[in-house]
Amino acid sequence: MDSEIIIQNTVSYVQQTLQNAEGGHDWWHILRVWNNAKLIARSEPVNLLVVELAALLHDIADSKFNNGNEDIGPQTAVTFLQSQSVNIDIIHHVENIIRHMSFKASFDAPGFHSPELAVVQDADRLDAIGAIGIARAFTYGGFKGRELYNPRIEPNLNMSKSEYKASAAPTINHFYEKLLLLKNKMNTPTAKTLAEARHQYMQDYLDQFYAEWNSLK
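A. Main features of the overall build of the protein. Within the protein, the regular secondary structure consists of ten helices and zero strands. Secondary structure elements of the protein occur, N-terminal to C-terminal, as α-α-α-α-α-α-α-α-α-α. The C-alpha radius of gyration of the protein comes to 18 Å, within 12% of the 17 Å expected for a compact globule of 217 residues. Dimensions of the protein, computed from the C-alpha atoms along their principal axes, are close to 60 × 35 × 35 Å. Classification of the 217 residues of the protein by burial places 48% in the buried group. Long-range pairs, those at least 24 residues apart, make up 66% of the contacts in the protein between residues at least 6 apart in sequence. Accessible surface computed for the protein: about 11,000 Å², of which carbon and sulfur atoms make up 49%. Within the protein, the 25 negative side-chain charges are centred at a point lying 4 Å from the centre of the 19 positive side-chain charges.

B. Structural detail: helix H7 (residues 130-143). Across its 14 residues, H7 extends 20 Å between first and last C-alpha, which sits within 8% of the 20 Å expected from 1.5 Å per residue. Taken as a whole, H7 has its buried residues at Gly130, Gly133, Ile134, Arg136, Ala137, Phe138, Tyr140 and Gly141. Packed against the buried residues of H7 are helix H2 (27-41), helix H9 (171-177) and helix H10 (189-213). Count one or two residues on from H7 and you reach Gly145, which has phi positive near 70°.

C. Summary view of the packing of aromatic side chains. Under the defined criterion, the tally for this structure stands at eleven aromatic pairs. Seen in terms of ring centroids, Tyr149 and Trp213 are 4.8 Å apart; in terms of plane orientation they differ by 80°. Their pairing is edge-to-face. Separated by 64 residues along the polypeptide, Tyr149 in the loop between H7 and helix H8 (161-166) and Trp213 in helix H10 bring together distant segments of the chain. Given the relative accessible area of 17%, Tyr149 is considered buried. Note on Trp213: relative accessible area 40%, which makes it partly exposed. Geometry around Trp34 places Lys38 over its ring, the cationic atom sitting 3.9 Å from the centre.

D. Summary view of the side chain of Thr188. Looking at where Thr188 falls in the secondary structure, it is placed in the loop between H9 and H10. If we skip the residues at most four places from it in the chain, Thr188 touches Ile40, Glu44, Ala118, Val119 and Asp122.

E. Main features of the nonpolar core. Ranked by internal contacts, the top residues of the largest apolar core, which has 58 residues, are Leu53, Leu57, Leu81, Val94 and Phe175. Contacts of Leu81, omitting those with residues within four sequence positions, involve Leu53, Leu57, Val86, Ile91 and Val94.

F. Examining the packing of H2 against helix H6 (residues 115-126) more closely. The interhelical angle for the contact between H2 and H6, taken along N-to-C directions, is 130°, at an axis separation of 8 Å. Taken together, the axes of H2 and H6 lie oblique to each other. Remark: the crossing between H2 and H6 carries right-handed chirality. Of H6, the residues touching H2 (which contributes His29, Val33, Asn36, Ala37, Ile40 and Ala41) are Val119, Asp122, Ala123, Asp124 and Leu126. Here the contact of H2 with H6 is composed, by residue class, of seven nonpolar, two polar and two charged.

G. Up close: the packing of helix H5 (residues 88-100) against H6. Remark: H5 packs on H6, axes separated minimally by 10 Å, with the N-to-C direction vectors making an angle of 45°. Overall, the two elements H5 and H6 adopt an arrangement that is oblique. Relative to H6, H5 is oriented so that their crossing is right-handed. Here H5 contributes His93, Ile97 and His100 to the contact with H6, which in turn contributes Glu116, Leu117, Val120 and Gln121.

Conventions we followed
Residues numbered from 1 in each chain as written. Predicted model: local features only at pLDDT ≥ 70, side-chain atom pairs only at ≥ 80, totals over all residues. Heavy atoms only, no water. Helix = DSSP H or I, 4+ residues; strand = E, 2+ residues; numbered from the N terminus. Rg over C-alpha atoms; globule rule 2.2 N^0.38 Å. Buried < 20%, exposed > 50% of the residue type's maximum accessible area, 1.4 Å probe, protein only. Contact = heavy atoms within 4.5 Å. Areas by Shrake-Rupley, 256 points an atom, 1.4 Å probe, with all protein chains shown as cover. Lys, Arg positive; Asp, Glu negative; His and termini not counted. Charge placed at Lys NZ, Arg CZ, Asp CG, Glu CD. Expected span 1.5 Å × (residues − 1). Phe/Tyr/Trp six-rings, centres within 6.5 Å; stacked < 30°, edge-to-face > 60°. Lys NZ or Arg CZ within 6 Å of the ring centre and 35° of its normal. Core = buried A, V, L, I, M, F, W, Y, C linked by side-chain atoms within 4.5 Å. Axes fitted to C-alpha atoms, helices over the stretch in contact; angles between N-to-C directions. Parallel < 35°, antiparallel > 145°, perpendicular 65-115°, else oblique. Left-handed = near helix turned anticlockwise from the far one by under 90°. Nonpolar A, V, L, I, M, F, W, Y, C, P; charged D, E, K, R; others polar.

Below, the structure written as C-alpha cells:
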C-alpha cells in the first residue's frame, strides 16, 4: 500500500479512536506531536514513514487510561498496522518506539534506541512543556480530581517507576517530578533549541503562580 494512503488511513483511525479522549491526550495532542515530529525529522537521518506512524499511534491506547497496562498501546498499534499490510520491519520498529518512548519508560534500563525513536520522543516531550504543557498538566489533574497545589506535599524527586505510575500528587508537583526535567532529556538539536523557550515559560509561570498563591502580586 502507498505510504501516503497508509498515513491517511492512520489519521482517520486515530481521530475516530480518540474522539472521546481526555483533553491532554486527544487527537489534537496527536496532531501536535505529529507536526513536531515532522519538523524535527527535517534535520535528522530517519525513515519518515516510521516517524509519522509512531507519532500518530503513540497514544492510541495510553496505559494511564487502561489500568496501567503498558502492552495494550503497542499491541493496538501493531494490529492496526497489520490491517494496512505495512512492512513487518516497519511494524516492529513502530512497536518498539511506542514501548520505549514515554517518560515512565526512562525508569527502566534502556532496551531500544533508534534515530526515529529520538525524533518521536522529542516531539512528544515538547508537547509536555511550555504553555500547552501547562494546560495539559492541569487538564489531566482535573480529570483525575487532583489538587492544584498543596504546600504540605513536597515533590518526590526520587520516585521509582511504580511510585510514578501510582502518584496522585498535586499538579504543581508534576512540574518538578517530570516537566522541568524534560529540557535536559531532549535528543535532537532542533528539540533542544525549542525546549529552551518552553522550559523558561514554565519557570516564569511557576514564579507567577507562587506570587499569586502568597498574595504577593
